[in-house]
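Listed below are the residues making up each chain.
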Amino acid sequence: MEKMDGAAKARIEKIRGLSLVREESAPARSGRPSRIVFVLLCVLVAQTLLFAYFMIFGAGAKPETAAPAAAGATASGAAAKSAGAAPVVAAGDGGVQLQAQGFVVAMRQATVSTRVAGIVTEVPVDVGDYVERGQIVGVLNSDLAEQDLQLAEKELSSLRSQVARDRARQAQAESEYQRELLLEKSNYTSRARVDEKSAASIVARTAVASTMAELDVGEVRVRQQRSLLGNYTIRAPFSGIVVERNSQVGELVAPMSAGGSFTRTGICTIVDMNSLILVVDVGEQQIQHVKVGQSVNFRLYSDERTQMKGRVQRIVPSADRAKGTLQVQVAIIGRNPGALPGMRANVDFM
């Protein structure tokens with residue numbers, strides 16, 4: 001028992017020694033975490049300082065780098081706007097089904113020209129003038145045409161005189177023939193004499209018919225020359241506003257430009273302001289939002305405060321392969337003096 005007690009005591013003493021060693025080494029181990037925390041704190045402080053440095057000194061460079069991008073975005077937006085960018089669907093925005101851009105176009109517009117060549121002697125209209133249908137807008141030098149008309153009228157007068165003479169001869173020949181027939185019945189003349197008068201009557205009748213045919217040709221020639229003379233006076237084909245004056249007094253005007261830039265092909269350009277419509281290019285993917293008869297609201301670029309109304313009149317059944325769009329024609333409801341051909345407009349399909 002004593003031996004066992006001694007062994008037990010030795011074990012106890014050994015355990016106590018180990019515990020003392022642990023207690024002595026504990027402060028040394030507890031120092032390591034404190035150093036790690038200090039290092040981590042230093043790293044965090046350094047990162048904070050670096051972040052503050054970049055925030056302070058790097059903020060000045062951001063506007064410079066962002067400015068080109070913003071400018072590029074603005075330029076691209078303006079380019080898209082000017083080029084008639086593809087419509088953007090805006091469903092649910094006050095009943096607007098589609099937003100697009102369009103142009104005011106005149107369905108009735110003409111550059112008034114002439115059928116004959118001539119020198120301009122008068123242009124009684126100018127840009128901005130209102131002209132009625134049939135009103136004179138230009139006059140050409142018609143000296144040669146007037147002379148041709150006078151010659152045709154004189155020929156016609158001569159033919160009429162010829163017809164009168166031939167009819168008189170025919171009447172005389174018929175009278176002589178009838179008289180010879182009566183004499184033949186009384187045996188006071190020969191059969192040869194009767195045949196001679198009969199032939200003379202037939203010749204006179206034929207001469208009258210020939211002269212009458214020539215008279216008809218002469219009358220047609222006179223009408224033709226009068227019509228040609230009328231071509232030297234240019235008239236408005238419909239009522240409208242003169243938007244361009246294409247020639248001046250003294251210039252040569254011809255139906256086709258045969259003399260290069262020295263030959264004009266028109267007198268002036270007239271636009272019927274009652275035929276104005278909106279032409280809108282709608283993308284193929286958005287065309288399902290457009291229907292014939294659909295209501296349209298639009299504002300002109302020149303007056304964005306005034307809202308005008310229209311109605312879809314026609315969807316042209318042909319697509320533009322290059323732009324991938326279909327043309328939609330919108331009839332303008334009412335007459336607005338501010339709407340002029342070529343103006344741009346923001347269009348809302350309701």
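Look above for the structure.
Read on for a plain summary of the structure. (Residues numbered from 1 in each chain as written. Predicted model: local features only at pLDDT ≥ 70, side-chain atom pairs only at ≥ 80, totals over all residues. Heavy atoms only, no water.)

Considering the side chain of Q329
Its place among the elements puts Q329 in strand 14 (residues 325-332). The buried category is assigned to Q329, whose relative accessible area is 9%. A polar side-chain atom of Q329 sits 2.6 Å from a polar atom in the side chain of R314. Of the polar contacts made by the side chain of Q329, one reaches the side chain of Q327; its length is 3.3 Å. Among residues more than four places away in sequence, those in contact with Q329 are M107, I277, L278, R311, V312, Q313, R314 and V316. (Helix = DSSP H or I, 4+ residues; strand = E, 2+ residues; numbered from the N terminus. Buried < 20%, exposed > 50% of the residue type's maximum accessible area, 1.4 Å probe, protein only. Polar contact = N/O pair within 3.5 Å; in protein donor to acceptor, adjacent residues only side chain to side chain. Contact = heavy atoms within 4.5 Å.)

Things to note about the packing of helix 3 (residues 143-185) against helix 4 (residues 191-230)
At a minimum axis distance of 7 Å, the contact between helix 3 and helix 4 shows a crossing angle of 165°. Considered as vectors, helix 3 and helix 4 are oriented roughly antiparallel to each other. Helix 4 is crossed by helix 3, and the crossing has left-handed handedness. Grouping the constituent residues of the contact of helix 3 with helix 4 by class yields 18 nonpolar, seven polar and 20 charged. (Axes fitted to C-alpha atoms, helices over the stretch in contact; angles between N-to-C directions. Parallel < 35°, antiparallel > 145°, perpendicular 65-115°, else oblique. Left-handed = near helix turned anticlockwise from the far one by under 90°. Nonpolar A, V, L, I, M, F, W, Y, C, P; charged D, E, K, R; others polar.)

A few points about unusual backbone geometry
When glycine is set aside, most residues are seen to have a negative phi, and most peptide bonds are trans. In the Ramachandran plot, N187 falls in the positive-phi region, its phi being about 60° despite a non-glycine side chain. Of note, N187 is situated in the loop between helix 3 and helix 4.

As for the sheet that holds strand 3 (residues 118-122)
The strand order across the open sheet formed by five strands is 6-5-3-8-9, and the pairing between neighbours is mixed. Only two strands of the sheet have a single partner each, and these edge strands are strand 6 (233-235) and strand 9 (263-264). Bridging between strand 5 (residues 136-140) and strand 6 involves three bridges; their strand directions are antiparallel. In the sheet register, G138 faces strand 6, and the bridge partner there is I234. (Pairing = 2+ DSSP bridges.)

In short, geometric facts, not functional conclusions.
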